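# Structural overview
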Amino acid sequence: MTASADSAAWWQPHRHADRRPLLLARNRIQQGLRLWLAGQGFTEVDPVALQVSPGNEAHLHGFATEAIGNDGQGRRMYLHTSPEFAMKKLLAAGETRIAAFAHVWRNRERGVLHSPEFTMLEWYRVGEGYEVLMQDCAAMLRLAAEAAGSRMLRFRDATCDPFAEPERLSVADAFQRFARIDLLATVDAAGEPSAERLRAQMQAAGLKAAADDTWSDMLSRVLVEKVEPHLGHGRATILDRYPVAEAALARPAADDPRVAERFELYACGVELANGFGELTNPAEQRRRFGLEMDEKARVYGERYPLDEDFLAALAQMPAASGIALGFDRLVMLATAAPRIDDVIWAPVAS
C-alpha cells in the first residue's frame, strides 16, 4: 500500500473522526428498529451463516468454503446470501413473528451501494398479507430518519421524504410509464415469458436488444436503465406485482397468475427492500430453483446445491409474508452518506 493510500484508510484517526457521526447514527437507527420490532411482537433470532446452499437465484453469487469434520473429511459449505432458508425453517418449527439483523455475503458485488459483506434486516409475519410489510417499510423509513435527526433521505442529488405515504406502483405500470412497454403482453396466461415479444416491444420503444438476450436479460436492462432512476424521488416507491418469472420465492397473485406477490422498496432511486407473499409449495419451489440454476449454469457455468431440509420444511411452513431490507443502505440514506463503506464500522478490505 502506498503512503497516500494508507493515509486514506478507514482506520486512520482523521478518517474515523469523519465517519464516526454516521456510525453512531447507525447504532441509533438499529436500536430504534429493534425497539419497534419488539413492540410489534417480533422475536429476534440469530441464524448461523454457514449453510449447505447460499441461495438459488441465478444472479446471486455465494462465498464457498470447506467444513472439515472430525473424521478429517471436507464438505463444501457456503456463507448465506440471505438468512431466508434458516428463518423459514424456524417458521416451520412454530415461530410466528421473527426478525434478524444478519451479516450476509455476496460475491461479485462491490461499489458505492454494494459491499461483499453487509447487514440485512429480514423479518417474517405468519398469517398476514404482504401488504402489511409495506406498512412496516413506511414505519422504518420514518424511524430511521428520526434516529438520524434527518427530515429527508438523501443520495447524491436525490431526496425522499420519509414521512410521506409511499407511492405504490405495479411493475407493469412502471414499464408503461417510463419505457412505453406493455410488459404483461410479453407473458402468457400462465406467466411464461416470451423473449420475442419483449424484444419487439423494446425495438418499438427505440431500445436496444441483442438477438441472444433472454426475456430476463431485457427486463433487467429496462428496469435498471429506464425504471429505477425514476423511483423514490420526493417520496418512497413500492414497486409491486413482479412477473412470476422474476419472483422465484413468491406466490402468484390471487387475481392474476401472471404476476406475483413481490414488491421492492425504493428511495432516492435506490433499492432498499425486497418483500414477498411467501411460496410454500415445495414441488413448485423445487421447479423454480431448477430453472434458476439452469440459468446460472448457462450464464456463469456453475450451480449451487438445493437445501433439501429447506424444501422439506417448506411443506409444513404456514402461510407467511417476509422481507429483506438492506440495513446499511437505509443508514446511508438517513445520514446522506456518499457510499456504503462510510456506514460500516469496519469495511471489507478493498
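Residues numbered from 1 in each chain as written. Predicted model: local features only at pLDDT ≥ 70, side-chain atom pairs only at ≥ 80, totals over all residues. Heavy atoms only, no water.

An unreviewed UniProt entry annotates the protein as EF-P lysine aminoacylase GenX of Cereibacter changlensis.

## Details of helix α8 (residues 282-300)
A rise of 1.5 Å per residue sets the reference length of α8, with its 19 residues, at 27 Å; its end C-alpha atoms lie 26 Å apart and thus fit the reference within 8%. Those residues of α8 not exposed but buried are Gln 285, Arg 288, Phe 289, Glu 292, Met 293, Glu 295 and Lys 296. For α8, the angular spread of buried residues about the axis comes to 155°, placing them on one side. Along its buried surface, α8 packs onto α3 (84-93), β12 (252-253) and α9 (308-314). (Helix = DSSP H or I, 4+ residues; strand = E, 2+ residues; numbered from the N terminus. Expected span 1.5 Å × (residues − 1). Buried < 20%, exposed > 50% of the residue type's maximum accessible area, 1.4 Å probe, protein only. Arc of directions from axis to C-beta. Contact = heavy atoms within 4.5 Å.)

## A closer look at the pairing of strand β3 (residues 63-68)
Where β3 lies against strand β4 (residues 74-79), six bridges are found, and the strand directions are antiparallel. Within β4, the position partnered with Thr 65 by the bridge is Met 77. Counting the residues between successive antiparallel strands, the hairpin from β3 to β4 contains five residues, one of them, Gly 72, with a positive phi of roughly 85°. (Pairing = 2+ DSSP bridges.)

## Overview of the nonpolar core
Ranked by internal contacts, the top residues of the largest apolar core, which has 46 residues, are Ile 29, Trp 123 and Leu 153. With residues near it in sequence (within four places) discarded, Ile 29 still touches Ala 144, Ala 147, Ala 148, Phe 327, Val 331 and Ala 334. If you look at the next biggest cluster of nonpolar residues, it comprises 27 residues, including Leu 169, Ala 174, Val 227 and Tyr 266. (Core = buried A, V, L, I, M, F, W, Y, C linked by side-chain atoms within 4.5 Å.)

## Observations concerning the UniProt feature "domain: Aminoacyl-transfer RNA synthetases class-II family profile" (unreviewed entry) in the protein
Sites flagged by UniProt as "domain: Aminoacyl-transfer RNA synthetases class-II family profile" (unreviewed entry) map to residues 26-347. Regarding residues 26-347, the helix share stands at 34% and the strand share at 25%, and the terminal C-alpha atoms are separated by 14 Å. (UniProt positions renumbered as here; feature names shortened; annotations may be inferred.)

## Some words on helix α10 (residues 327-335)
Burial analysis of α10 places nine of its nine residues in the buried class, which makes it a mostly covered element. Phe 327, Asp 328, Arg 329, Leu 330, Val 331, Met 332, Leu 333, Ala 334 and Thr 335 are the residues of α10 that are buried. At the C-terminal side of α10, Ala 336 shows a positive phi close to 60°.

## Some points on the environment of Glu 109
Residue position: Glu 109 is located in the loop between β5 (97-105) and β6 (117-126). The contacts of Glu 109, once residues within four sequence positions are left out, are Leu 60, His 114, Ser 115 and Pro 116.

## Considering the sheet that holds β5
Across the sheet, which stays open at both edges, the eight strands sit in the order β1-β5-β6-β16-β15-β14-β11-β9 with mixed pairing between neighbours. Of all the strands in the sheet, just β1 (43-44) and β9 (167-170) have a single pairing partner and so form its edges. Here β9 pairs with strand β11 (residues 237-240) via four bridges, running parallel. By the bridge assignment, Ser 170 is partnered in β11 with Asp 240. Packing against the sheet, helix α2 (residues 13-39) makes contact with β1, β5 and β6, and its axis sits at approximately 150° to β5. Packed onto the sheet, helix α4 (residues 131-148) meets β6, β9, β11, β14 (262-267), β15 (270-277) and β16 (320-326) and runs at close to 135° relative to β6. (Axes fitted to C-alpha atoms, helices over the stretch in contact; angles between N-to-C directions.)

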